[in-house]
Amino acid sequence: MIKPAVAVRGLTKVFPIPFRRTRVVAVRGLNLEVAPGQVYGLLGPNGSGKSTTLKIILGLVSPSSGSTEIFGRDSREVGSREAVGFLPENPYFYKYLTGAETLRFYGKLCGLSGVRLKSRTGELLELVGLQNARDRRLGGYSKGMLQRIGLAQALIQEPKLVVLDEPTAGVDPAGSRDIRDLILDLKRRGITVLLSSHLLAQVQEICDRVGILANGVLVREGRVEDLLAIENQTELILQNATPEVLNDIAALLKKSSARLIEQRQPQTTLERLFLEATKAPAER
Amino acid sequence: MSKSGHSRFSLTRIAALTGNTFTELVRLKVFYFLLIFALLLIGSSIFMAQLSFQQEFQVLKDVSLGAMSIFTSLLAIVATAQLIPHDVEERTIYTILAKPVPRYEYLAGKLGGVLLLLALSVVAMTALFLIALFVRQEMLVGVTLRQTSGLRPEQVQEAVRTLKASAFNVNLFPGIVVIYLKAALLASLTLFVSTFATSNIFTICVMVFIYFIGHLQAMAREYWLQQNSAGWIAKTFLALVALVFPDLQLFNLVDDIVAGTAIPGPLFAQTAVLGCVYISVYFFFAWVVFHGKEL
């Protein structure tokens, strides 16, 4: 039997508030599984328990009850993190290190050295498009570049699972698209991705499965298509349909019990429009 | 090695963290205090122009070793206090501990970086001090040779030998090692305090308080215990203070060195062992707190 990449069972996390004799329940009885190779989106408003759940999975915070596993290993074991790469929300790395030095530092923490570390550093800088900034200090990096170097450090030891906390927070649409493309590339390479995000359109586009948290409780969970499908409606998108064809369809509908709810021209997304408009003339 | 091949202890990981911490501290320009140290040496040399050569060397050693002790202690506290809070505030700690890095290795790397910085600072200050001592000695040898030009060669040689003996003394080195150990002890204790402190300002305040108690407690203990009226409450209190706060007076051998007294081997060994024990115990306490800390 294939072990899930992430298994969360009966997870509850309570934070006591000192001096007030009260406590906050951040996560309550959470159960979820992420299959290997899947892109899983954890959604929810601020304070819903997303980041706490991710931190527990990474062993940064201990659960009040329940358990979390990474590829079958208790995530409190340091060794379980060999298979994991993590990018926190709004990461700030050591500003005095260059892009290449940052990757070498994280690579050494993962046991890489010598030629392997050097080649892996080069590969990742190319993957995230920072070859030209490899010798520039991170203090001079833009928000989008920091996010990309963050993603590169998360991938340094070729992890089987990548955990991303708000990977596109504060990044402009072009940078956001780059990160989305990188996530899709990871998926193509069979790497499991667990991410939390506020950008619902992007999550819908890249995730296979989502879980929605509200007040620490998982209120919805399942495949994106299943959750979004309106069962008693069907969508037809026609290309080059003449008015006669549309009239024929309308006539056909009149003869049946089906009802035409809406007829309109499909629209592009604001993101695509923005990217098209801001693209350099040579790229168009 | 665990079943997955992950090593529970890796010197490579600690070395990576140590190197990074050292770079971090160097980039914070903490070495500026070396400039103040050099200025102090120059200033004290100007002041010494009116003294006899024995007094002059004594003042130079007193000022230099005293400044070395204060600067390394301050550096140890200030540099260590900001390491963990800075990593937590900037969230870099998440990216490090989300890698297969045990928390004790993270702490060891941080402490290692500070100890490396302290070692280099002590070496630099010692070099400056020895250069100042040598330059002053050569100047005085010139003066002595001029003043004794009418005397017999044996008498001149004797005068120069006496002068050189008051300048450089091999006992300086064990004294400097003890200064380093004291700073390392303070760094380890600061690391412990910073694992539960809410800010680096709080850590620095607590450490300054501990620094003074550490220096004064021996005096207080002696005074109270000599009083016949010291009851069991006072004795218990003093024992508790001695247990919680390090007795920093034990690491204060500067007066002996300046007076030219040789530090006995057993005393040096005892002080060195005590320093290492303090460092290990505070590091262990730091790990106990940090191990279960929620980040």
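Please refer to the structure placed before this passage.
Residues numbered from 1 in each chain as written. Chains lettered and ligands numbered in written order. Predicted model: local features only at pLDDT ≥ 70, side-chain atom pairs only at ≥ 80, totals over all residues. Heavy atoms only, no water.

**Q** Would you mind showing me how to read the overall build of chain B here?
**A** Of the regular secondary structure elements, chain B holds 12 helices and 0 strands. Going from N to C terminus, chain B has its helices and strands arranged as α-α-α-α-α-α-α-α-α-α-α-α. Along the longest, intermediate and shortest principal axes, the C-alpha atoms of chain B span 80 × 55 × 35 Å. Taken across its 295 residues, chain B has 47% of its residues classed as buried. Within chain B, counting contacts between residues at least 6 apart in sequence, those at least 24 apart form 84% of the total. Here chain B has roughly 14400 Å² of accessible surface; of this, 70% comes from carbon and sulfur atoms. Both charge centroids of chain B, one from 19 positive and one from 15 negative side chains, sit 7 Å from each other. (Helix = DSSP H or I, 4+ residues; strand = E, 2+ residues; numbered from the N terminus. Buried < 20%, exposed > 50% of the residue type's maximum accessible area, 1.4 Å probe, protein only. Contact = heavy atoms within 4.5 Å. Areas by Shrake-Rupley, 256 points an atom, 1.4 Å probe, with all protein chains shown as cover. Lys, Arg positive; Asp, Glu negative; His and termini not counted. Charge placed at Lys NZ, Arg CZ, Asp CG, Glu CD.)

**Q** Which parts of the structure should I look at to understand the packing of aromatic side chains?
**A** All names here are of chain A. Applying the stated rule across the entire model yields 13 aromatic pairs over all chains. Centroid distance Tyr 94 to Phe 105: 6.0 Å. Interplanar angle 80 degrees. Geometry classified as edge-to-face. One end of the pair, Tyr 94, is in the loop between β6 (84-87) and α2 (99-109); the other, Phe 105, is in helix α2, with 11 residues separating them in the sequence. Members of the aromatic cluster, each reached through a chain of ring pairs, are Phe 93, Tyr 94, Tyr 96, Phe 105 and Tyr 106. The side chain of Lys 13 reaches across the aromatic face of Phe 15, ending 5.1 Å from its centre. Directly above the aromatic system of Phe 71 lies the positively charged group of Lys 160, at a separation of 4.3 Å from the ring centroid. (Phe/Tyr/Trp six-rings, centres within 6.5 Å; stacked < 30°, edge-to-face > 60°. Lys NZ or Arg CZ within 6 Å of the ring centre and 35° of its normal.)

**Q** When you look at the environment of A:Phe19 in this model, what are you seeing that I'm missing?
**A** Residue and element names in this part refer to chain A. Its place among the elements puts Phe 19 in the loop between β1 (6-17) and β2 (22-34). Take Phe 19: its relative accessible area is 87%, and that puts it in the exposed class. Spatially, the C-alpha atoms of Phe 19 and Leu 228 are 45 Å apart, while their sequence positions differ by 209 residues.

**Q** I keep staring at unusual backbone geometry and nothing clicks. Help me out?
**A** Residues apart from glycine generally show negative phi values, whereas peptide bonds are mostly found in trans. At A:Glu166, a residue that is not glycine, the phi angle is positive and equals roughly 50 degrees. Exposure remark for A:Glu166: the relative accessible area of 7% places this residue in the buried category.

**Q** Just checking my understanding: could you explain the pairing of strand β9 (residues 209-214) of chain A for this structure?
**A** Remember that side chains alternate between the two faces of the sheet whenever the strand is regular. Residues and elements named next belong to chain A. Summarising the sheet, strand β3 (residues 39-43) and β9 pair through 4 bridges and their orientation is parallel. Looking at the pairing, Tyr 40 lines up with Arg 209 of β9. As paired strands, β9 and strand β10 (residues 217-223) are joined by 6 bridges and run antiparallel to one another. Across the sheet, the residue bridging to Leu 213 is Leu 218, located in β10. Counting the residues in the hairpin turn of β9 and β10 gives 2 residues, including Asn 215, whose phi is positive at 50 degrees. (Pairing = 2+ DSSP bridges.)

**Q** Whenever I open this one, the sheet that holds strand β4 (residues 65-70) of chain A confuses me. Can you help?
**A** Two pairing modes exist for strands in a sheet, parallel and antiparallel, and in both the strands are linked by backbone hydrogen bonds. Residues and elements named next belong to chain A. What the 4 strands build is an open sheet, ordered β2-β1-β4-β5; its pairing is antiparallel. Here the strands that pair on one side only, and so sit at the sheet edges, are β2 and β5 (73-74). Sitting on the sheet, helix α1 (residues 50-57) is in contact with β1, β2 and β4, with an inclination near 115 degrees to β1. (Axes fitted to C-alpha atoms, helices over the stretch in contact; angles between N-to-C directions.)

**Q** When you look at a nonpolar patch on the surface in this model, what are you seeing that I'm missing?
**A** A cluster of nonpolar side chains, namely B:Val273, B:Val277, B:Val281, B:Phe284, B:Phe285 and B:Val288, defines an oily patch on the protein surface of about 500 Å² accessible area. On the basis of relative accessibility, which here comes to 36%, the residue B:Phe285 falls in the partly exposed class. (Patch = residues over 30% accessible without salt bridge, like charges linked within 9 Å, V, L, I, M, F, W, Y side chains within 5 Å. Salt bridge = Lys/Arg side-chain N within 4 Å of Asp/Glu carboxyl O.)

**Q** Is there a simple way to think about the interface of chain B and chain A in this case?
**A** How big an interface is tends to be expressed through the accessible area that disappears when the partners come together. Counting from both sides, the interface comprises 30 residues of chain B and, opposite them, 34 residues of chain A. Counting every contact that joins chain B to chain A gives 2 salt bridges. We note a salt bridge from A:Lys95 to B:Glu90, for which the minimum N-O separation is 3.2 Å. At the junction of chain B and chain A, the tally comes to 13 residue pairs in polar contact (both at pLDDT 80 or more). The set of elements that each furnish at least two residues to the side of chain B that touches chain A consists of α1 (11-27), α5 (92-97) and α6 (103-147) of chain B. (Polar contact = N/O pair within 3.5 Å; in protein donor to acceptor, adjacent residues only side chain to side chain.)

**Q** What is the right way to look at the pairing of strand β7 (residues 161-165) of chain A in this model?
**A** All names here are of chain A. Burial analysis of β7 places 5 of its 5 residues in the buried class, which makes it a mostly covered element. Neither face of β7 is left uncovered, since the one carrying Leu 161, Val 163 and Asp 165 and the one carrying Val 162 and Leu 164 both have all their residues buried. Bridging between β7 and strand β8 (residues 192-196) involves 5 bridges; their strand directions are parallel. Along β8, the bridge assignment pairs Asp 165 with Ser 196. Between β7 and its parallel partner β8, the chain crosses via helix α5 (residues 173-188), and the hand of that crossover is right-handed. (Right-handed = clockwise from strand over helix to strand, strands pointing away.)

**Q** Would you mind going over the nonpolar core with me for this structure?
**A** A general feature of soluble globular proteins is that nonpolar side chains tend to end up buried together. Counting 142 residues, the largest nonpolar core has A:Phe105, A:Ile149, A:Leu195 and B:Tyr106 as its most contacted members. Broken down by element, the residue count for this core peaks at 14 residues, all from helix α8 (residues 172-196) of chain B. Sequence-distant contacts of A:Leu195, that is, excluding residues within four places in its chain, are made with A:Val39, A:Tyr40, A:Gly41, A:Leu42, A:Leu164, A:Ile183, A:Val203, A:Ile206 and A:Cys207. (Core = buried A, V, L, I, M, F, W, Y, C linked by side-chain atoms within 4.5 Å.)

**Q** Just checking my understanding: could you explain the packing of α1(B) against α6(B) for this structure?
**A** Between two packed helices, the angle of one axis relative to the other and the distance separating the axes together describe the packing. Residues and elements named next belong to chain B. Here α1 crosses α6 at 50 degrees, and the two axes come no closer than 7 Å. Relative to α6, α1 is oriented oblique. The chirality of how α1 crosses α6 is right-handed. Along the contact surface, α1 presents Arg 13, Ile 14, Leu 17, Thr 18, Thr 21, Phe 22, Glu 24, Leu 25 and Val 26, while α6 presents Glu 105, Tyr 106, Ala 108, Gly 109, Lys 110, Gly 112, Gly 113, Val 114, Leu 116, Leu 117 and Leu 120. Among the residues making up the contact of α1 with α6, the classes are represented as 11 nonpolar, 5 polar and 4 charged. (Parallel < 35°, antiparallel > 145°, perpendicular 65-115°, else oblique. Left-handed = near helix turned anticlockwise from the far one by under 90°. Nonpolar A, V, L, I, M, F, W, Y, C, P; charged D, E, K, R; others polar.)

**Q** Looking at this structure, how should I read the sheet that holds β9(A)?
**A** All names here are of chain A. If you walk across this open sheet you meet the 6 strands as β6-β7-β8-β3-β9-β10, and the pairing is mixed. Edge positions in the open sheet fall to β6 and β10, since each of these has one partner strand only. The average undirected angle you get between the axes of adjacent strands in this sheet is 15 degrees. Packed on one face of the sheet, α5 meets β3, β7 and β8 and runs near 150 degrees to β8.

**Q** In this structure, what is going on with α2(A)? I would like to understand it.
**A** Each α-helix winds once per 3.6 residues, and so residues spaced three or four apart point in a common direction. Taken across its 11 residues, α2(A) has 8 buried, putting it largely inside the fold. Every buried residue of α2(A) is accounted for by A:Gly99, A:Ala100, A:Thr102, A:Leu103, A:Phe105, A:Tyr106, A:Gly107 and A:Leu109. Buried residues along α2(A) sit in contact with α3 (114-127) and α4 (143-154) of chain A together with α1 and α5 of chain B.

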